[in-house]
Amino acid sequence: MSAARDVTDASFATDVLASEKTIMVDFWAEWCGPCRAVSPILDQIATEHADKLDVVKLNVDDNPETAMKYQVTSIPTMKVFRGGEVVKTVIGAKPKPALESELAEFLA
Amino acid sequence: MRELVIIGSGPAGYTAAIYAARANLHPLVIASSVEFGGDLMNTTDVDNFPGFPEGIMGPELMTHMQKQAERFGAEVVYDDVASVELEGPTKRLTLGNGEVVEAKTVIVASGSAYRKLGIPDEDRLSGYGVSWCATCDGAFYRQKTVAVVGGGDSAMEEATFLTRFADKVYVIHRSDKLRASAAMQDRAENDPKIEFVFNATVEHIYGDDLVQGVGLVDTVTKEEKTLDVSGLFIAIGSDPRTHVIHGQLTLTDQGTIEVRGRTSHTNLEGVFAAGDVIDPSYRQAVTAAGSGCVAALDAQHYLEAVAATPELHTQTA
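Computed from a predicted structure; not experimentally measured. (Residues numbered from 1 in each chain as written. Chains lettered and ligands numbered in written order. Predicted model: local features only at pLDDT ≥ 70, side-chain atom pairs only at ≥ 80, totals over all residues.)

Quick look at the overall build of chain B
Here's step 1: Across its full length, chain B carries seven helices and 19 strands.
Here's step 2: A compact globule built from 317 residues would reach a C-alpha radius of gyration of about 20 Å, and chain B, at 22 Å, matches this within 12%.
Here's step 3: Oriented by its inertia axes, the alpha-carbon framework of chain B measures out at about 70 × 40 × 35 Å.
Here's step 4: Looking at chain B as a whole, 45% of its 317 residues qualify as buried.
Here's step 5: Sequence separation of at least 24 residues holds for 62% of the intrachain contacts in chain B that already meet a minimum separation of 6. (Helix = DSSP H or I, 4+ residues; strand = E, 2+ residues; numbered from the N terminus. Rg over C-alpha atoms; globule rule 2.2 N^0.38 Å. Buried ≥ 20, exposed ≤ 12 C-beta atoms within 10 Å, placed from the backbone. Contact = placed C-beta atoms within 7 Å.)

So, the sheet that holds strand β13 (residues 194-197) of chain B
Residue and element names in this part refer to chain B.
Here's step 1: Here we have five strands laid out as an open sheet, ordered β10-β17-β11-β12-β13, and parallel in their pairing. At either margin of the open sheet sits one strand with a lone partner, and together these are β10 (130-131) and β13.
Here's step 2: Two strands pair when backbone bridges link them, and strand β12 (residues 168-172) and β13 are joined in this way by four bridges, in the parallel orientation. Each bridged residue has a counterpart across the sheet, and for Val171 the counterpart in β13 is Phe196.
Here's step 3: Seen against the sheet, helix α4 (residues 153-162) touches β11 (145-149), β12, β13 and β17 (231-234) and runs at an angle of roughly 170° to β11. (Pairing = 2+ DSSP bridges. Axes fitted to C-alpha atoms, helices over the stretch in contact; angles between N-to-C directions.)

As for the pairing of strand β1 (residues 2-7) of chain B
All names here are of chain B.
Here's step 1: Looking at chain direction, β1 and strand β8 (residues 100-108) are connected through five bridges and run parallel. Paired with Ile6 across the two strands is Ile107, which belongs to β8.
Here's step 2: Of the strand pairs in this sheet, β1 and strand β2 (residues 28-30) are connected by three bridges, and their pairing is parallel. Its bridge partner being in β2, Ile7 is matched across the sheet by Ile30.
Here's step 3: Viewed along the sheet, the connection from β1 through helix α1 (residues 11-22) into β2 turns out right-handed. (Right-handed = clockwise from strand over helix to strand, strands pointing away.)

Regarding the sheet that holds strand β14 (residues 200-206) of chain B
Residues and elements named next belong to chain B.
Here's step 1: Strand order in this open sheet of three strands is β14-β15-β16, and the pairing throughout is antiparallel. Sheet topology places β14 and β16 (224-228) at the edges, where each strand pairs with a single neighbour. For this sheet, the mean inter-axis angle between neighbouring strands, taken without regard to orientation, is 30°.
Here's step 2: Pairing analysis gives five bridges linking strand β15 (residues 213-218) to β16, with the strands arranged antiparallel. In the sheet register, Val217 faces β16, and the bridge partner there is Glu224.

Quick look at unusual backbone geometry
Here's step 1: Of note, the amide linkage connecting Ile75 of chain A to Pro76 of chain A takes the cis form, showing an omega dihedral of 0°.
Here's step 2: Mapped onto the fold, Pro76 of chain A is located in the loop between α3 (64-69) and β4 (77-82).
Here's step 3: For Gln143 of chain B, which is not a glycine, the phi torsion comes out positive at approximately 60°.
Here's step 4: With respect to the helices and strands, the residue Gln143 of chain B is situated in the loop between α3 (134-137) and β11.
Here's step 5: The backbone phi angle of Lys222 of chain B is positive, close to 65°, even though this residue is not glycine.
Here's step 6: Lys222 of chain B gets classed as exposed once you count the C-beta atoms within 10 Å, which come to 7.

A closer look at the nonpolar core
Residue and element names in this part refer to chain B.
Here's step 1: Of all hydrophobic cores here, the largest spans 120 residues; its most connected members are Ala16 and Ile107.
Here's step 2: No fewer than three residues from each of domain 1 (2-114 + 238-314) and domain 2 (130-234) sit in this core.
Here's step 3: Every residue in contact with Ile107, bar those within four places of it in the chain, is listed here: Leu4, Ile6, Ile7, Ala16, Phe272, Ala274, Ala295 and Ala299. (Core = buried A, V, L, I, M, F, W, Y, C linked by C-beta atoms within 7 Å. Domains from an automatic or database assignment.)

What about the interface of chain A and chain B?
When the parts come together, some accessible area is lost, and that loss is often what is quoted as the size of the interface.
Here's step 1: Between chain A and chain B, the contact holds 18 residues from the first and 18 residues from the second.
Here's step 2: Elements with a contribution of two residues or more to the side of chain A that touches chain B: α2 (33-48) and α4 (96-102) of chain A.
Here's step 3: Per-element accounting of the side of chain A that touches chain B gives the leading share, five residues, to α2 of chain A.

Comments concerning the confidence of the model for chain B
Here's step 1: Taken over all residues, the pLDDT of chain B has a mean of 94, while the share at 70 or more is 98%.
Here's step 2: The complex model carries a pTM of 0.84, and its ipTM stands at 0.79. (pLDDT = per-residue confidence, 0-100.)

Observations concerning the domain arrangement of chain B
All names here are of chain B.
Here's step 1: When its domains are assigned, chain B resolves into domain 1 (2-114 + 238-314) and domain 2 (130-234).
Here's step 2: One C-alpha centre belongs to domain 1, the other to domain 2, and the line joining them spans 33 Å.
Here's step 3: Facing four residues of domain 1, the contacting portion of domain 2 comprises six residues.
Here's step 4: Grouping the constituent residues of the side of domain 1 that touches domain 2 by class yields one nonpolar, three polar and no charged. (Nonpolar A, V, L, I, M, F, W, Y, C, P; charged D, E, K, R; others polar.)

Here's the deal with the packing of α1 of chain B against helix α6 (residues 285-308) of chain B
Residues and elements named next belong to chain B.
Here's step 1: Interhelical geometry of α1 versus α6 gives an angle of 40° and a closest axis separation of 7 Å. When the axis of α1 is compared with that of α6, the two are oblique. Crossing of α1 over α6 shows right-handed handedness. Two secondary-structure elements touch here, α1 through Pro11, Ala12, Gly13, Thr15, Ala16, Tyr19 and Ala20 and α6 through Ala285, Ala288, Ala289, Ser291, Gly292, Cys293, Ala295, Ala296, Leu297, Ala299 and Gln300.
Here's step 2: A per-class count over the contact of α1 with α6 returns 13 nonpolar, five polar and no charged. (Parallel < 35°, antiparallel > 145°, perpendicular 65-115°, else oblique. Left-handed = near helix turned anticlockwise from the far one by under 90°.)

Some details on α2 of chain A
Here's step 1: Under the 1.5 Å per step criterion, the end-to-end length of α2 of chain A is 24 Å for 16 residues, consistent within 8% with the ideal 22 Å.
Here's step 2: The sharpest bend along α2 of chain A measures roughly 30° and falls at Ser39 of chain A, with the proline Pro40 of chain A sitting one to four residues further on.
Here's step 3: Of the residues making up α2 of chain A, those classed as buried are Gly33, Pro34, Cys35, Arg36, Ala37, Val38, Ser39, Ile41, Leu42, Ile45 and Ala46 of chain A.
Here's step 4: On the buried face of α2 of chain A, the contacting elements are β2 (22-28), β3 (53-59) and α4 of chain A together with α2 (58-71) and α3 of chain B. (Expected span 1.5 Å × (residues − 1). Bend = angle between axes of the 7 residues up to and from the residue.)

Next up, the structure:
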């Protein structure tokens, strides 16, 4: 469905928190329509800004620990991590121009 | 230039697309980039759309409608309409990606958008316990207590759906009479997890990082009370989505696009409207679909009339 790599509760520390590159985690689930809608847009953003930003996906059904730790109560939620810290949270499916402007500082 | 562009991809938009495609108008459907498929994409079982005796899932129904339209040559783009110029014989629509589409006719089927409560902290806690979509967010409230605001069908559906996860679901309604259909009311009233709070409005949402409670005011006694809830689902109706056509199409007092009688004709030649965006009263998937059919037929007849007597229609340009 998506080109983005999956991360899990088990791999979160190494894949996301220890990432040297700025990385955005898309919290999603199979049953969430808006998640499916935003997924191809995130893929496009990832491809167009591959040098600046990594985009990975975390399935909240399979990985409830991480979703709970970051207080995700609405999906899709996109969180940008830098040096293991959340530096930006975007909630809800949005059109590409809106997402790009919210993420502008990480894409420039 | 295209014969017809349809703005919107709910039941109205796709039904218009099916009829227009079958009339060889090769319609372009501008489906929206993230809200394609319309409101039914956020529902679960649809039990009142004729032809599905066992019911059908909302997203599945919309996929069927899209496939049916595409089968006859409708084209679908997943983008949003940023602006429109609807006057004159050539309509121009600018999409989110900057592309400009020209068409002889336009059907506006842009639907409606969820209404907000308009109280402090609603935006701040949106996504942190305040939600407009139980099917999207309900699963995060396992064994918790949540509240639904509203008294219509969508509020009953949200409440009933939330009982799959939550231990307790309050339904807060500003009067003592629900607007929901009898079938939906019965189901909610017979659910042991659902408790109704009548004659109450939500005035406050409490919580620093996550919703922890709501402050209610009794509409009769003016008494205030607090409910401890981890989630607040807002289902108080929706408003017609008209921002893109503002200042060009005439609106009614209710904010819907004004159409002539039982037709889909707006105040501008060659511009038609269908679905929730013209409907302040019924707003069902099946009424939207019917209205989409009307718009496609009106557009088709208009195009035939223009082709027959072009001089009558170019003067207004």
